[in-house]
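Structural overview
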Amino acid sequence: MRRIFTLVTMLLVATATVSASSEEASSLGEGNAAFRHLPQYESYLKNNDDTVMTEFGGSVPHRKHDDFNPLPIGYKHAQPYLKNLWLGYPFMYHYDRARGHTFALTDVTKTDRVNRFSEHAGLPATCWNCKTNTMPQLLERHGDDFWSQNFHDFREMHDPVHHTVGCTNCHDPADRMRLTLTSVPLKEALARQGRDWREASRDEMRSLVCAQCHVEYYFETGEHGVAAKPHLPWDKGMNPEDIYRFKADGDPERDGFKGQFVDWTHAVSKTPMIKAQHPEYEMFHDSVHAQAGVSCADCHMPRVRMGPVTITSHHWTSPLKTEDMIRTACAGCHDDLSPAQLRERTEYNQARVWRQLNIAQEKSVRAHEVVRMAMEHPGVDEAVLAQAREKVRKGQWFWDYVSAENSAGAHNPVKALDTLASSQQYSDEAVQLAIRATGHAIAADLDAPIAEQVPPIREHSRKLQQDEAHLASHPWLEYLPLLPKAEKVWDGTERVGRGEGKEGSGDAAADYP
């Protein structure tokens, strides 16, 4: 009887939620479709093309760790150890090359990082912040309570096409479509720097509107800040060393966390880790181009001819995709070089950054593995091992700052290479400290190449983690918990099944308050 009562109660709650969602959805408006009469809208629709690659990026949504399949599944320029390095964190389940902004809402509702096998997402509603144009409405209705709500509660109310990132994220329709900021986290970060975005020049705004999402951030904790609210860590500076120092010791009242900030603990080395997001703005802000007064829009939104008018292109993509795009975006300043020369120079830098990126990646994997060996060695010096873990944390952060930035060094090749050099140094120091923590007892076991000691994890997902045989297929996967069997509840914005709450949900990530 108690079981029947529970099921009835769940159905009533679910029905009420769906009804409320439907009612709220009707008031979200038509979103981007309201601006379909503007000439810019035609160029905006070009973001729907997910078929064109550049040498190191592009729009084809391949798996970013997959170097063993060709496009469209994998790609030759991959990072094979991504799943190893994020072990224990939702990124280990799914990390694809991002498509255009028009796919932002579709892709976030289909990613395996969000738990679609449960009624509870395991990640907060914060994840909508850079995927939809409805954030002002959602925050007006829910206030700061919005951030920590269940991500799933907002699926059905959103239209994947009309409510994805678009016009009103950057333009104010009530003020002649002037550039505006709608991102609360960015406004607050600028205010802490003593900057009023409303006094920014138009050139500054042509980068700031991009900085609403293309930035590093973390979630404030419920104990000190607003639970799961995004916070930009710029108070000590925007470079990787500055942000690392910032996250070492938070001021509860100012930063929304206390002590060392931790995103997750790595399953193998038990190191408290931090995850970089997508710090394109931070990488670019002190580059040669930025110092010359170039904005994000100058390269990614050049002036183009659309019928009888010249407009700013709203096809937000790499200018390296075609020679015409290179000419349009770059020739205004580099008219002495051909599109072929400009592409060659950019790819020259990217190739060198990419090589060092993968070296840094392998060194981070080795650091985790040597710390694992040390911590499982009898009589290990725990104090020295703690120092090793700090270097592991730092080495991976510096690698991830470049990896997550997505331009393969194109935005700032000097800083990218310097950051990767630091990553490699910290990972090497972690290895030496871990060896010292065992009195050099494990040193003789470290001669083999890292690919032999720890091969890349080729396949892993939430569904696979429900399979005991899969967890036994790789020595590092054995450090993960076996998840209960569960069927998918959500597919995109549609419900395909009905879960039973957090119990048996198969969610490895911590729930937010």
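Source: prediction; values computed, not measured.

Thoughts on the pattern of salt bridges
Considering all chains together, one arrives at 27 salt bridges under this definition. Between Lys-394 and Glu-241 there is a salt bridge whose closest N-O contact spans 3.3 Å. Of this pair, Lys-394 sits in helix 16 (residues 382-403) while Glu-241 sits in helix 9 (residues 240-246), placing them 153 residues apart in sequence. Residue classification places Glu-241 among the partly exposed residues on the basis of a relative accessible area of 29%. Within this structure, Asp-50, Arg-99 and Asp-107 form a network of salt bridges that share partners.

Section: unusual backbone geometry
In this model, Leu-71 is joined to Pro-72 through a cis peptide bond whose omega is 10 degrees. Following the sequence through the fold, Pro-72 ends up in the loop between helix 2 (39-44) and helix 3 (82-85). The backbone of Met-177 shows a phi angle near 60 degrees, a positive value even though the residue is not glycine. Within the secondary structure, Met-177 sits in the loop between strand 1 (171-172) and strand 2 (178-179). A positive phi angle is found at Ala-228, which is not glycine, with a value near 70 degrees.

Re empty space enclosed by the protein
Counted according to the given criterion, the structure contains one cavity of 30 Å³ or more. Around the largest cavity sit Phe-56, Lys-64, Gln-79, Arg-97, Trp-354, Leu-357, Val-402, Ser-403, Asn-406, Ser-407 and Ala-408, which together line it. Mapped by element, the contributors of at least two residues to the lining of the largest cavity are helix 15 (339-375) and helix 16. In terms of residue class, the lining of the largest cavity is made up of five nonpolar, four polar and two charged.

Side note on the confidence of the model for the protein
Interpretation of the predicted coordinates at a detailed level should be avoided for regions scoring low in pLDDT. With 92% of its residues at a pLDDT of at least 70, the protein reaches an overall mean of 92. Taken as a whole, residues 1-23 scores under 50 in pLDDT and shows eight contacts with residues more than four places along the chain or in a different chain. In the model, residues 500-513 has pLDDT below 50 throughout and makes 40 contacts with residues more than four positions away in sequence or in other chains.

Observations regarding the packing of helix 16 against helix 17 (residues 413-437)
Two elements in contact, helix 16 and helix 17, have axes whose closest approach is 7 Å; the angle formed by their N-to-C orientations is 160 degrees. When the axes of helix 16 and helix 17 are compared, the pair comes out roughly antiparallel. You can see that helix 16 and helix 17 cross each other, and the crossing is left-handed. The class makeup of the residues in the contact of helix 16 with helix 17 is 15 nonpolar, six polar and five charged.

Let's talk about helix 17
Owing to its 3.6 residues per turn, the α-helix aligns residues three or four sequence positions apart on the same side. Taking 1.5 Å as the rise per residue, helix 17 with 25 residues should run 36 Å; its terminal C-alpha atoms sit 36 Å apart, in good agreement. One or two residues past the end of helix 17 sits Gly-439, with phi positive at roughly 65 degrees.

A look at the environment of Glu-204
The topology assignment puts Glu-204 in helix 8 (residues 202-208). You can call Glu-204 partly exposed: its relative accessible area is 38%. A distance of 2.8 Å separates a polar side-chain atom of Glu-204 from the backbone nitrogen of Ser-201.

A short note on helix 5 (residues 135-142)
Taken as a whole, helix 5 has its buried residues at Met-135, Leu-138 and Leu-139. What you see down the axis of helix 5 is that its buried residues fit within an arc of 95 degrees, all on one side. Count one or two residues on from helix 5 and you reach Gly-143, which has phi positive near 65 degrees.

Some remarks on the side chain of His-368
Take His-368: it is sitting in helix 15. Beyond its immediate chain neighbours, meaning those up to four positions away, His-368 contacts Leu-85, His-266, Val-268, Ser-269, Thr-271, Met-273, Val-392, Gln-396 and Trp-476.

Structural notes on the nonpolar core
Trp-86, Leu-87 and Trp-397 are the most contacted members of the largest nonpolar core, which totals 47 residues. The set of elements that each furnish at least two residues to this core consists of helix 3, helix 9, helix 15, helix 16 and helix 17. Discounting residues that sit within four places of it in the chain, Leu-87 has contacts with Met-92, Trp-264, Thr-265, His-266, Ala-267, Val-268, Ile-457, Trp-476, Leu-477 and Leu-480.

Side note on the packing of helix 15 against helix 17
In the contact formed by helix 15 and helix 17, the axes pass within 8 Å of each other and the chain directions differ by 20 degrees. Here helix 15 is positioned roughly parallel relative to helix 17, judged by the angle of their axes. In this structure, helix 15 crosses over helix 17, and the sense of that crossing is left-handed. Class assignment of the residues belonging to the contact of helix 15 with helix 17 gives a composition of 16 nonpolar, six polar and four charged.

Regarding the state of the cysteines
Under the definition given, this model contains zero disulfides. Between Cys-299, a free cysteine, and Cys-330, which holds the nearest cysteine sulfur, the sulfur-to-sulfur gap is 6.0 Å. Residue Cys-299 is classed as partly exposed on the basis of its relative accessible area of 24%. Free of any disulfide, Cys-333 has its nearest neighbouring cysteine sulfur in Cys-299, separated by 8.0 Å.

Definitions and cut-offs
Residues numbered from 1 in each chain as written. Predicted model: local features only at pLDDT ≥ 70, side-chain atom pairs only at ≥ 80, totals over all residues. Heavy atoms only, no water. Salt bridge = Lys/Arg side-chain N within 4 Å of Asp/Glu carboxyl O. Helix = DSSP H or I, 4+ residues; strand = E, 2+ residues; numbered from the N terminus. Buried < 20%, exposed > 50% of the residue type's maximum accessible area, 1.4 Å probe, protein only. 1 Å grid on protein atoms, 1.4 Å probe; cavity = no way out; pocket = protein on both sides within 12 Å on 5 of 7 lines; lining within 4 Å. Points joined across faces, edges and corners; volume = space filled by probe spheres on them. Nonpolar A, V, L, I, M, F, W, Y, C, P; charged D, E, K, R; others polar. pLDDT = per-residue confidence, 0-100. Contact = heavy atoms within 4.5 Å. Axes fitted to C-alpha atoms, helices over the stretch in contact; angles between N-to-C directions. Parallel < 35°, antiparallel > 145°, perpendicular 65-115°, else oblique. Left-handed = near helix turned anticlockwise from the far one by under 90°. Expected span 1.5 Å × (residues − 1). Polar contact = N/O pair within 3.5 Å; in protein donor to acceptor, adjacent residues only side chain to side chain. Arc of directions from axis to C-beta. Core = buried A, V, L, I, M, F, W, Y, C linked by side-chain atoms within 4.5 Å. Disulfide = S-S within 2.5 Å.

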